[in-house]
Amino acid sequence: MKKDWTHLLERMSDRLAPSMAKDHPNLPVIKEEGCYYYGLNGEKYLDFTSGIATTNVGHRHPKVVQAVKDGADSLSHGPSGVIIYETILRLADRLAEKLPGNLDCFFFGNSGAEAVEGAIKLAKHVTKRPYIVSFIGGFHGRSMGALSVTSSKSKYRQFLHPSGSYQIPYARIEDCPEGVAPVEYVTAKLEKDMEQLFDHQVTPEEVAAVIVEPVLGEGGYIVPPKEWLQKLRELCNEKGILLIFDEVQTGFGRTGEWFAAQTFGVIPDIMAIAKGIANGLPLSATVASKELMQQWPLGSHATTFGGNPIACEAANAVIDVMEEEDLLGNSKKQGDHARALLNRMKEKHPAIGRVRSIGLMIGIEIVDPVTGEPNSEGLFEILDLALEKGVLFYFGGNKTEIIRMIPPLSVSKEQIDEGLRMFEEALIEYEKKHSQVTLV
Ligand SMILES: Cc1ncc(COP(=O)(O)O)c(C=O)c1O
């Protein structure tokens, strides 16, 4: 029996730094299992956040829990630079099989930001070039190097002035003028934006790498056409610039394949992976070919905790579960099902703007029904109402206009139906309160 900790909750705002968002939902939880969180007072919540796209095989999957216990019984700390252990080598072997192309050599860290830091450092070491290009609206983490390529919200960068990078616009099909083919529009725009950057701000010979999220995550779940990523690959090749995919959020089945690189058929030179890798235990990796990694000088990058043996045990179990339960297949199947339901719902509820998704990475835009403008106030009201009914969603988007639906990849059709039923009830209640008409 857990001790009563309500008195601790009362002091939370004094004890925990307010810089960590606690505006929504700040949910006191005592247990997690499968697709559910269990609240302090006996509530049961269907979880459509997966701890921000992390517990992909389901909360506390028994196989992962067992692997963690086995790991703790034998070896709980490395570092892999001092001792070496079987789990980290086995994990590297198995990941190399799942990753596309020649991405087969790993630097293990603890977090997404660290994986991105590693990618940036590797690219600069290999090319001996000082700058990185990233995309407006992208999120790559909050350590200073990762932040230097992050621009999803300017408040993340305020007073910190991270430097060493240039930003260009992401693929936005929605901005395509009428009468123009969207794929041609975004690919031509990318070419032009790059050309302008190289003409006016930095020479291509000074750019070590371009870093991109293959699907814009925190920035609003924007899914580019594969041709856009192919064009980016082409342009990098032409200029001898390395291409980094930040697959921290898109990796491990989120888009319906192991990695978005496979979904889009584009292979980067370097990849950053984290989140789903160990189902919630802190683990990440910077990945590249052995040939590229060999150019990273000995001792120029290292870690105390990265590649922790228990986390590696968990990650090996995650790969087993993904295969045994066909979670890639389920990601596509339930993703399609959820998207169809949401598109039907959109017809009835003018508060829903665009629905954008790939696999189980689903963004539901919340807009003002009259103006069609992003409505982040309304979004939080809807999220609160949904939570009261028993389903937890997350938020996102550069203007906080997107509800993120990112359930564990093990989610069932019944759970999708139940969660979206509660979501629609929340929408109806919101619309009633604001006297908006639900269309029939
Ligand atoms: C695409 C992407 N990159 C990097 C990060 C940073 O990961 P972490 O919070 O583990 O440092 C995130 C986190 O949400 C992310 O979505």
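Residues numbered from 1 in each chain as written. Predicted model: local features only at pLDDT ≥ 70, side-chain atom pairs only at ≥ 80, totals over all residues. Heavy atoms only, no water.

Trainee: Explain helix 8 (residues 182-200) residue by residue, including any values.
Mentor: Its 19 residues give helix 8 an end-to-end C-alpha distance of 27 Å, which sits within 8% of 27 Å, the value for a rise of 1.5 Å per residue. For helix 8, the full list of buried residues reads Tyr185, Val186, Thr187, Leu190, Asp193, Met194, Leu197 and Phe198. Packed against the buried residues of helix 8 are strand 5 (131-135), strand 6 (165-168), strand 7 (207-212) and helix 9 (226-239). (Helix = DSSP H or I, 4+ residues; strand = E, 2+ residues; numbered from the N terminus. Expected span 1.5 Å × (residues − 1). Buried < 20%, exposed > 50% of the residue type's maximum accessible area, 1.4 Å probe, protein only. Contact = heavy atoms within 4.5 Å.)

Trainee: Mind laying out the nonpolar core, listing which residues take part and the relevant values?
Mentor: Of all hydrophobic cores here, the largest spans 105 residues; its most connected members are Leu95, Phe393, Met405, Leu420 and Phe423. For this core, the element with the highest residue contribution is helix 12 (residues 309-324), accounting for 9 residues. Each of two domains, domain 1 (6-57 + 326-434) and domain 2 (63-324), supplies a minimum of three residues to this core. With residues near it in sequence (within four places) discarded, Phe423 still touches Leu342, Met345, Ile352, Ile364, Ile382, Val391, Phe393 and Ile403. (Core = buried A, V, L, I, M, F, W, Y, C linked by side-chain atoms within 4.5 Å. Domains from an automatic or database assignment.)

Trainee: Explain the site of the ligand to me, and be specific about the residues and the numbers.
Mentor: The full set of residues close to the ligand is Ser111, Gly112, Ala113, Phe139, His140, Gly141, Glu213, Asp246, Val248, Gln249 and Lys275. In the environment of the ligand, a nitrogen atom lies 3.5 Å from a nitrogen or oxygen atom belonging to the backbone of Phe139. Within the side chain of Gln249, one N or O atom sits 2.9 Å away from an oxygen atom of the ligand. Protein chains shield 79% of the accessible area of the ligand, which is 390 Å² for the free molecule. Looking at the shell around the ligand residue by residue, the classes come out as 3 nonpolar, 5 polar and 3 charged. (Near = heavy atom within 4 Å. Polar contact = N/O pair within 3.5 Å; in protein donor to acceptor, adjacent residues only side chain to side chain. Areas by Shrake-Rupley, 256 points an atom, 1.4 Å probe, with all protein chains shown as cover. Nonpolar A, V, L, I, M, F, W, Y, C, P; charged D, E, K, R; others polar.)

Trainee: Describe in detail unusual backbone geometry, supporting the description with residues and values.
Mentor: Here the amide bond leading from Gly78 into Pro79 is cis, since omega sits at -10°, within 30 degrees of zero. Relative to the assigned elements, Pro79 resides in the loop between helix 4 (62-74) and helix 5 (86-98). Even without being glycine, His161 reaches a positive phi, approximately 45°. Its location among the elements puts His161 in the loop between helix 7 (144-148) and strand 6. Looking at His161, the relative accessible area reads 67%, which means it is exposed.

Trainee: Could you give an account of the packing of helix 4 against helix 12, naming the residues involved and the relevant values?
Mentor: Interaxial distance between helix 4 and helix 12 falls to 8 Å at its minimum, and their mutual angle equals 155°. Judged on the interaxial angle alone, helix 12 and helix 4 are roughly antiparallel. Note on packing geometry: the crossing formed by helix 4 with helix 12 is right-handed. Every residue of helix 12 that contacts helix 4 at Lys63, Val64, Ala67, Val68, Gly71 and Ala72 is listed here: Ile310, Glu313, Ala314, Ala317, Val318, Val321 and Glu324. Across the contact of helix 4 with helix 12, the residue classes break down as 9 nonpolar, 1 polar and 3 charged. (Axes fitted to C-alpha atoms, helices over the stretch in contact; angles between N-to-C directions. Parallel < 35°, antiparallel > 145°, perpendicular 65-115°, else oblique. Left-handed = near helix turned anticlockwise from the far one by under 90°.)

Trainee: Go over the sheet that holds strand 3 (residues 44-47) with me, naming the residues and quoting the values.
Mentor: Pairing within the open sheet is mixed, and its 4 strands lie in the order 1-2-3-13. Looking along the sheet, the strands with just one partner apiece sit at the ends: strand 1 (29-33) and strand 13 (391-392). Pairing of strand 2 (residues 36-39) with strand 3 involves 3 bridges; the strand directions are antiparallel. Counted as the bridge partner of Tyr37 is Tyr45 from strand 3. Docked against the sheet, helix 15 (residues 413-433) engages strand 2, strand 3 and strand 13, running at close to 105° with respect to strand 3. (Pairing = 2+ DSSP bridges.)

Trainee: Could you give an account of the domain arrangement of the chain, naming the residues involved and the relevant values?
Mentor: Taken domain by domain, the chain holds domain 1 (6-57 + 326-434) and domain 2 (63-324). Domain 1 and domain 2 are separated by 25 Å when their C-alpha centres are compared. Listed as interface residues are 31 residues of domain 1 and, on the opposing side, 35 residues of domain 2. Our count for the domain 1 to domain 2 interface comes out at 3 salt bridges. With a closest N to O distance of 2.7 Å, Arg356 and Glu174 form a salt bridge. Of all the secondary-structure elements, those providing two or more residues to the side of domain 1 that touches domain 2 are helix 3 (50-53), helix 13 (327-348), strand 11 (352-358), strand 12 (361-366) and strand 15 (402-405). Of the residues contributing to the side of domain 1 that touches domain 2, the split by class is 14 nonpolar, 12 polar and 5 charged. (Salt bridge = Lys/Arg side-chain N within 4 Å of Asp/Glu carboxyl O.)

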